[in-house]
Amino acid sequence: MPARDTRTQPPPPTLRPPPHHPHRPPPNPLLTTLAAHPRTLQAVAAHHAPDRLARHLVTVADAALPFLLTVLPRGAEKPSAAHRARLALAEAVGAVLAGGLSLLGIDAPEHL
């Protein structure tokens, strides 16, 4: 049997999404987007690309909107540790958005 020439075959894909583990929830889009923020800022500065920052801020806002509806307790529900953690995450989103707008030369509102 002749040896296979591996040079003619394409390399295996390396950018496959990780398989979903049945005991772990899928990645949260908001957390993924916030985690990418420092790298995005570095890329914006390196490439002088304010449009990239603007698109990133839109992505953060879009990912945050559904989440923000779950931040505060409703009705007679007592605040829990989960509510406090969600509130801290909402404050982080606000800081990212306000800081990004400031870098773009846009004044962020005090309250949304």
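Keep in mind the model is a prediction, meaning the values are calculated, not measured.

Moving on, we get to the overall build of the chain. Within the chain, the regular secondary structure consists of 4 helices and 0 strands. Counted from the first residue to the last, the chain has its helices and strands arranged as α-α-α-α. Counting only residues that meet the buried cut, the chain has 21% of its 112 residues in that class. Sequence-distant contacts, at least 24 apart, represent 54% of the contacts inside the chain between residues at least 6 apart. A total of about 9100 Å² of accessible surface is found on the chain, and carbon and sulfur atoms cover 64% of it.

We now examine helix α3 (residues 50–68). The terminal C-alpha atoms of α3 lie 26 Å apart, and with 19 residues this matches the ideal 27 Å at 1.5 Å per residue to within 8%. Every buried residue of α3 is accounted for by Leu53, His56, Leu57, Val60, Ala63, Ala64 and Phe67. Burial along α3 is one-sided: seen end-on, the buried residues are contained in an arc of 135 degrees. The exposed set on the far side of α3, more than 90 degrees from its buried face, consists of Asp62, Leu65 and Pro66. Those residues of α3 that are buried are in contact with α1 (29–35), α2 (37–47) and α4 (81–103).

How each quantity is defined
Residues numbered from 1 in each chain as written. Predicted model: local features only at pLDDT ≥ 70, side-chain atom pairs only at ≥ 80, totals over all residues. Heavy atoms only, no water. Helix = DSSP H or I, 4+ residues; strand = E, 2+ residues; numbered from the N terminus. Buried < 20%, exposed > 50% of the residue type's maximum accessible area, 1.4 Å probe, protein only. Contact = heavy atoms within 4.5 Å. Areas by Shrake-Rupley, 256 points an atom, 1.4 Å probe, with all protein chains shown as cover. Expected span 1.5 Å × (residues − 1). Arc of directions from axis to C-beta.

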